[in-house]
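Topology and contacts: notes
Below are the chains, spelled out letter by letter.
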Amino acid sequence: MNNQLMSFWQLVWTELRSIVADKAIAVTLFGGVLFYSVLYPLPYLHQVPTDQQIVVVDLDHSSLSRKLIRQADASPKISVIGQVGSISEAKVWIETGRAHGLLVIPYAFRRDLLLGKGVTLSYGGDASYFLIYSAVVEGLVTAGMDAGKQVQLLGLLAKGEAPEQANLSLNSVKINSVPTFNPSLGYTPYVVPGLFLLILHQTLLIGTGILGAGQWRNKGYWQQLSPLKLICGRISAFMLIYSVFASFYVGFCFYWYQVSIQANLGLVALFLLPFLLATSAAGIALSCLFVRRDLPTQVLLLASMPIMFVSGFVWPLTLIPEPLIWISQVIPAVPAIMGMLELNQMGASWTSIMPKWLQLWAMFALFFVLAVYGVSRRLKANRQV
C-alpha cells in the first residue's frame, strides 16, 4: 500500500517537473496567468468614462441654448471642446477623432420651450466604443433634462406659483439609486471575474494539451503506466498548480481590482473544484487528438472569443442562436463563469447554483472517461511502434 502510494506521488512529482521543465507549458501557465491578470483589466481601470469630448451645433444662438451648453460642459461625463455651424462639420470632428459625440440644439429652441411646445435635442456619437457612447449620451440627457426643468420652473413662476411650491412640484419624485451587485458602476467588477475564469480555463486546456501532444509519439515514463494512473497523476499535478492560480485570482486580484466578493470563500473553493477537475480532464482528452505540440495552442486560442461570448456575461444569450448555447454547455467554462458570477458577485444561494455545480461534476465524469479511452489508444499505439 505504501509503495503504491509513494509510486503515485512520485508520478505527481514527475509530472510537475515535466510541466516546469517544458518552456512552452511554463510560459503558458505561469507567464500567461500573471501577464493576463494585468493585461485584461488594464483598459477598464478607470471604471467609468468621464470628460468625453463633444462638439455642439447651436442653431438657436439664444441665451437658453448657451446656458444648456454651459451645463453640458459642467457635467462630469462630457466636455464641450467646440461649436460648429452644421451637423456635417460635427461628423467630420467625430470621424477624425477630435470629438466623441455631438449635441444639436434646434432652431427656435428657447421660443418653443417658453411656448410650452415639445423640443427635440439631438445627440450622437461614435457607437463603436459603447462605454464612451453611453457616457456621452448620459451626460447630454442629464443636461437637457436640467434645462427643461428650469424652463418649467420659469413657467410656473410666471403663473403665480410660489418658488417653494414650484420647486416641490418639479422634484416631487426623487430617485435613490443604490447599485446592488456593482457598487462602483464600473466595468472592472463586471467583466474581470468572468475573464479570470476564462483565463484559467484556456491556459489549463493549453497546458495539458501541449504536455500530452508532445508525449504520444515519444518514449518516456508515461509508457510504463496504466492510462488510469497516468490520468490521475496528471490531473493531480495540474490541480496543485491551478489551486494556487485560482487562489491568486479570487483572492489577491479580486481585492486589488476592488471586485466585490459576496460569497463565503469556502463555497467559492467548493464550486471551483469540479470546474478545475473537468477542465483538466477535458485538456487530457483533447491532447489525444494532437501529436504536434503547437496545435493545441492554436486551436484553443481561436476558441477563446467564441467561448467568452456564449458564456453570456459580455453578450446577451437571447442574441445567440440556441444551437450554439446547447453546444456550449459541454464547455466547463460556460457554467463555471455564470455560476461563479451568481455566487460570488450577486450573492446567490448555494441552492440556486447547484444545477451548474452538478453539471460541472457531470462534465468531469464525461471527460475523464474520454481521457481514459484516448490515452489508452495513444499508449497502445506508442508501444506498438
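Preceding this paragraph is the structure being described.
What you are looking at is a predicted structure, and each value in this text was computed from that prediction instead of being measured. (Residues numbered from 1 in each chain as written. Predicted model: local features only at pLDDT ≥ 70, side-chain atom pairs only at ≥ 80, totals over all residues. Heavy atoms only, no water.)

1. Overview of the packing of aromatic side chains
Following the criterion strictly, the structure yields 13 aromatic pairs and no others. Measuring from centroid to centroid gives 5.1 Å for Tyr-221 and Trp-222, while their planes differ by 75°, and the two rings are edge-to-face. Among the residues examined, Trp-222 registers a relative accessible area of 10% and is labelled buried. Aromatic side chains Trp-350 and Trp-357 sit 5.3 Å apart centroid to centroid with 65° between the ring planes, which places their arrangement in the edge-to-face category. When sorted by exposure, Trp-350 lands in the same class as Trp-357, which is buried. Grouped by ring-pair contacts, the aromatic residues Phe-196, Phe-248, Tyr-249, Phe-252 and Trp-256 constitute a single cluster. Of note, Arg-98 hangs over the ring of Trp-93, and the distance from its end group to the ring centre comes to 3.8 Å. (Phe/Tyr/Trp six-rings, centres within 6.5 Å; stacked < 30°, edge-to-face > 60°. Buried < 20%, exposed > 50% of the residue type's maximum accessible area, 1.4 Å probe, protein only. Lys NZ or Arg CZ within 6 Å of the ring centre and 35° of its normal.)

2. Quick word on the sheet that holds strand E3 (residues 101-105)
In spatial order, the strands read E2-E1-E3-E4; together these four strands make up an open sheet with mixed pairing. Every interior strand has two partners, whereas the edge strands, strand E2 (78-84) and strand E4 (122-125), have only one. The sheet shows a mean angle of 25° between the axes of neighbouring strands, direction not considered. Here strand E1 (residues 52-58) pairs with E2 via six bridges, running parallel. What sits directly across from Val-57, in E2, is Val-84. Strands in contact with helix H4 (residues 87-95) are E1, E2, E3 and E4; relative to E2, the strand with the most contacts, it is inclined by about 130°. (Pairing = 2+ DSSP bridges. Helix = DSSP H or I, 4+ residues; strand = E, 2+ residues; numbered from the N terminus. Axes fitted to C-alpha atoms, helices over the stretch in contact; angles between N-to-C directions. Contact = heavy atoms within 4.5 Å.)

3. Topic: the pairing of E3
Side-chain positions along a regular strand alternate between the two faces of the sheet. Burial of E3 is extensive: five of the five residues sit out of reach of the surface. In E3, alternate side chains face the same way, and those of Gly-101, Leu-103 and Ile-105 on one face and Leu-102 and Val-104 on the other are all buried. Pairing analysis gives five bridges linking E1 to E3, with the strands arranged parallel. Among the inter-strand pairings, Ile-54 is bridged to a residue of E3, identified as Gly-101. Here E3 runs beside E4; their pairing, made up of four bridges, is antiparallel.

4. As for unusual backbone geometry
Residues other than glycine seldom take positive phi values, yet His-61 does so here, at roughly 55°. On the basis of relative accessibility, which here comes to 56%, the residue His-61 falls in the exposed class.

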